[in-house]
Amino acid sequence: MASVRSIILTGANGSSGIVASEYLLKTYPQYHAILTVRSASDDDSNTRALRAVVSKYSSAKATIHQLDLSSLTDVKEFTDKINTDIQTGAIPPLKAIICNAYYWNLVSEAVLTSDGYEMTIQVSYISHVALVLRLLASFGSDGRIELLSSVVHYRRKLALMSPYIPEVPEAVNMDNVIHPPPDPDYQGRGFYRYASAKLFTTAWAFALNRHLEKDPKLKHITAVAMNPGNMWDARSFEGNTPSSIQAMRKYLFKPFQPVIRRVLDPTFRKTSEAGIDIIELALNPKFDGERGYYTMLKKDEPDPAVVDVAVQDRVWAKSLDWSGVTKEQTVLDINPRIRD
């Protein structure tokens, strides 16, 4: 029988996160589930819902941890604790890290975190970089890093949401991503920042694989970037979202979901479907050793920028700077450029 391993899932009390958590506990009970949430307080209704799910599986090995991804200090403290607990045998080594949490804001100027970074890019991307790099030492003999991407990472307009195309700027302009200038187009720029976070995430997954493959001790850990589908019923549409988009969700997306899925977008689906696939891609043995970009559970081609090594190197180097991870804080050789 295989030894027990641990799974970290961020954003575990989100729409797809709660589904993923329950599916994990029900389908893969042999794993120790480490479920992270922004607030572990019972005052948070989403966390209460997650606790209710966990309570249904009394024999499951699951713990809920508070992790505020808007704070790199919080990420450091969390990863230090997990590393210590694994080293001392309090919890088993890692099998997978699923970077599911995200944030968007389509109704106001950019919000900055305590680290001085734009909130969307830090919560959705930078803090996950720090989380993964700091925890690589705590994996077992193999493992999976799953980073949640999106169809919006492609460099094209999504007219319904924003007129702006996501991009990876030249190095000299990279810091504009974390310090965006004021702009009255709250929806357009807010969605642009969200799409850019997903583009950075996807490019970083490919760069991470290049670095892992060069390390004899870490080459059996593989990274995938997953587009879980267009989840029209995601709770994110209920907050930080213009009323026009909320109305469209209620009067167009919901009643015409089957037609939209059949005619326009085969990935247009519910969080109840996406949450299952998120766990399957991370843990189903048939995906062992797989790398790259997936649309739901099918290998796919990402935006061409993602596979551009120069873009990957630019994203990698700047993400190390933003995340504050140094060579002393990770077992991976994080030299910004590697020879292929």
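Residues numbered from 1 in each chain as written. Predicted model: local features only at pLDDT ≥ 70, side-chain atom pairs only at ≥ 80, totals over all residues. Heavy atoms only, no water.

Under an unreviewed UniProt entry, the name given to the protein chain is Short-chain dehydrogenase, and the source organism is Clonostachys solani.

Participant: Describe the environment of Lys 95, and please don't skip the residues or the numbers.
Facilitator: Relative to the helices and strands, Lys 95 is located in strand β4 (residues 94-99). The exposure class assigned to Lys 95 is buried, which follows from its relative accessible area of 10%. C-alpha of Lys 95 to C-alpha of Arg 144: the two residues are 49 residues apart in sequence and 6.4 Å apart in space. If we ignore the near neighbours within four places in the chain, the residues touching Lys 95 are Arg 5, Ser 6, Ile 7, Tyr 31, Phe 139, Asp 142, Gly 143, Arg 144, Leu 283 and Asp 288. (Helix = DSSP H or I, 4+ residues; strand = E, 2+ residues; numbered from the N terminus. Buried < 20%, exposed > 50% of the residue type's maximum accessible area, 1.4 Å probe, protein only. Contact = heavy atoms within 4.5 Å.)

Participant: Any details on the packing of helix α1 (residues 15-27) against helix α2 (residues 45-55)? Residues and values, ideally.
Facilitator: Two elements in contact, α1 and α2, have axes whose closest approach is 10 Å; the angle formed by their N-to-C orientations is 15°. Considering the angle they form, α1 stands roughly parallel to α2. Taken as a pair, α1 and α2 cross one another with a handedness that is right-handed. Contacts between α1 and α2 involve Ile 18, Ser 21, Glu 22 and Leu 25 from the first element and Asn 46, Ala 49, Leu 50, Val 53 and Val 54 from the second. (Axes fitted to C-alpha atoms, helices over the stretch in contact; angles between N-to-C directions. Parallel < 35°, antiparallel > 145°, perpendicular 65-115°, else oblique. Left-handed = near helix turned anticlockwise from the far one by under 90°.)

Participant: Talk me through a nonpolar patch on the surface; I want residue IDs and the actual numbers.
Facilitator: Residues Leu 252, Phe 256, Val 259, Val 263 and Leu 264 make up a contiguous nonpolar surface patch of about 480 Å² in total accessible area. The biggest single contributor to the nonpolar patch is helix α7 (residues 257-264), with three residues. Residue placement: Val 263 occurs in helix α7. (Patch = residues over 30% accessible without salt bridge, like charges linked within 9 Å, V, L, I, M, F, W, Y side chains within 5 Å. Areas by Shrake-Rupley, 256 points an atom, 1.4 Å probe, with all protein chains shown as cover. Salt bridge = Lys/Arg side-chain N within 4 Å of Asp/Glu carboxyl O.)

Participant: Give me the pattern of salt bridges: which residues, what numbers.
Facilitator: Applying the stated criterion across every chain yields a total of 18 salt bridges. Close ionic contact of Arg 155 with Asp 303 constitutes a salt bridge, the shortest N to O distance being 2.6 Å. Within this pair, whereas Arg 155 is found in the loop between β5 (139-148) and α5 (186-213), its partner Asp 303 is found in the loop between β10 (298-300) and α9 (309-323), the two being separated by 148 residues in sequence. A residue is classified by how much of its surface remains accessible, and Arg 155, at 42% relative accessible area, is partly exposed. With relative accessibility at 4%, the residue Asp 303 sits in the buried group. The shortest N-O distance in the salt bridge between Arg 261 and Glu 273 comes to 3.0 Å. Taken as a pair, Arg 261 in helix α7 and Glu 273 in helix α8 (residues 271-283) lie far apart in primary sequence, 12 residues in all. Overall, the relative accessible area of 28% leaves Arg 261 in the partly exposed class. Taking relative accessible area as the criterion, Glu 273 reaches 28% and is therefore assigned partly exposed. Residues participating in the shared-partner salt-bridge network are Arg 5, Lys 95 and Asp 142.

Participant: Break down α2 for me, citing the residues and quoting the values.
Facilitator: Among all positions in α2, only Thr 47, Leu 50, Val 53 and Val 54 are buried. Angularly, the buried residues of α2 cover 115° about the axis, an arc narrow enough to put them on a single face. With a side-chain oxygen positioned 2.8 Å from the backbone nitrogen of Asn 46, the residue opening α2 is Asp 44. (Arc of directions from axis to C-beta. Polar contact = N/O pair within 3.5 Å; in protein donor to acceptor, adjacent residues only side chain to side chain.)

Participant: Describe the side chain of Thr 10, with residues and values.
Facilitator: Structurally, the position occupied by Thr 10 is in the loop between β1 (6-9) and α1. For Thr 10, a relative accessible area of 0% gives the class buried. Beyond its immediate chain neighbours, meaning those up to four positions away, Thr 10 contacts Thr 36, Leu 69, Ile 98, Cys 99, Asn 100, Ala 101, His 128 and Leu 131.

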